[in-house]
Amino acid sequence: MAPIPEEFHDLFETETFAHVATLTDEGLPHVTPVWIDYDADDNRLLVNTERHRQKARNVEHNSAVGVSMTDPDDPYRFLSVIGEVDEITTDGAREHIDELARRYTDNDEYQTPIESERIILRIRPDRVL
C-alpha cells in the first residue's frame, strides 16, 4: 500500500475531478469522470456512485482500478493512483454524496435524482505516481 503524499491532500478539499478507470467483463477499459474524496486516516480514495453504474458493476468482477486527477488550478500538477477497490459499502453513502455536493456545487444536498442504491467504492492505493 502506498500513501497519498501530504502535498496532494489539498486536491481532496477542492473541486478536483478525477477519472476512474475500470475493466468491463470483456476486459475493455471504462473511464469515468467522478467527484473524489480521501479518507486520510485509512488511506483510501473514495468514489461515491450508484450500484447500477457501469464502474460499480465492473469492480464487482475485477477490483483493479486506476485513478487520475489534475489540480484544477494547475493542470501540470497531477496525481495518478493504481489500486484496488477493497470495500464497497452503503454505510454513510447518502450523507457522503451530500458532503461532496456541498464541495462541488455549493448545494446542501445532492440535486440529481437517485436511480438506485448509493455506494462508496473504497480504493486502496497500491502505487502512487
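Residues numbered from 1 in each chain as written. Predicted model: local features only at pLDDT ≥ 70, side-chain atom pairs only at ≥ 80, totals over all residues. Heavy atoms only, no water.

A word on the overall build of the chain. Per the secondary structure count, the chain includes two helices and seven strands. What you see in the chain, going N to C, is helices and strands ordered as β-β-β-β-α-β-β-α-β. At 14 Å, the chain has a C-alpha radius of gyration in line with the 14 Å of a compact globule built from 129 residues. Projecting the C-alpha coordinates of the chain onto the three principal axes gives extents of approximately 35 × 35 × 25 Å. Counting across all 129 residues of the chain, residues that qualify as buried make up 43%. Put simply, of all contacts in the chain between residues at least 6 apart along the chain, 71% involve residues at least 24 apart. (Helix = DSSP H or I, 4+ residues; strand = E, 2+ residues; numbered from the N terminus. Rg over C-alpha atoms; globule rule 2.2 N^0.38 Å. Buried < 20%, exposed > 50% of the residue type's maximum accessible area, 1.4 Å probe, protein only. Contact = heavy atoms within 4.5 Å.)

So, on to the sheet that holds strand β1 (residues 17-23). Strand pairing within a sheet occurs via backbone hydrogen bonds; the two strands may be parallel or antiparallel. With antiparallel pairing, seven strands are arranged side by side in an open sheet as β2-β1-β5-β6-β7-β4-β3. Of all strands in the sheet, those bounded by a partner on one side alone are β2 (29-35) and β3 (37-39). Taking each pair of neighbouring strands and ignoring which way they run, the sheet shows an average axis angle of 35°. Contacts between helix α2 (residues 93-105) and the sheet are confined to β1, β2, β3, β4 (44-50), β6 (74-89) and β7 (118-128), with β7 contributing the most and set at about 70° to the helix. (Pairing = 2+ DSSP bridges. Axes fitted to C-alpha atoms, helices over the stretch in contact; angles between N-to-C directions.)

Consecutive residues of a regular strand have side chains that alternate between opposite faces of the sheet. In terms of strand pairing, strand β5 (residues 64-71) meets β6 through eight bridges, oriented antiparallel. In the strand pairing of β6, V67 is matched with V81. From the end of β5 to the start of β6, which pair antiparallel, there are two residues. With eight bridges joining them, β6 and β7 adopt antiparallel strand pairing. The partner of V85 across the bridge, within β7, is I123.

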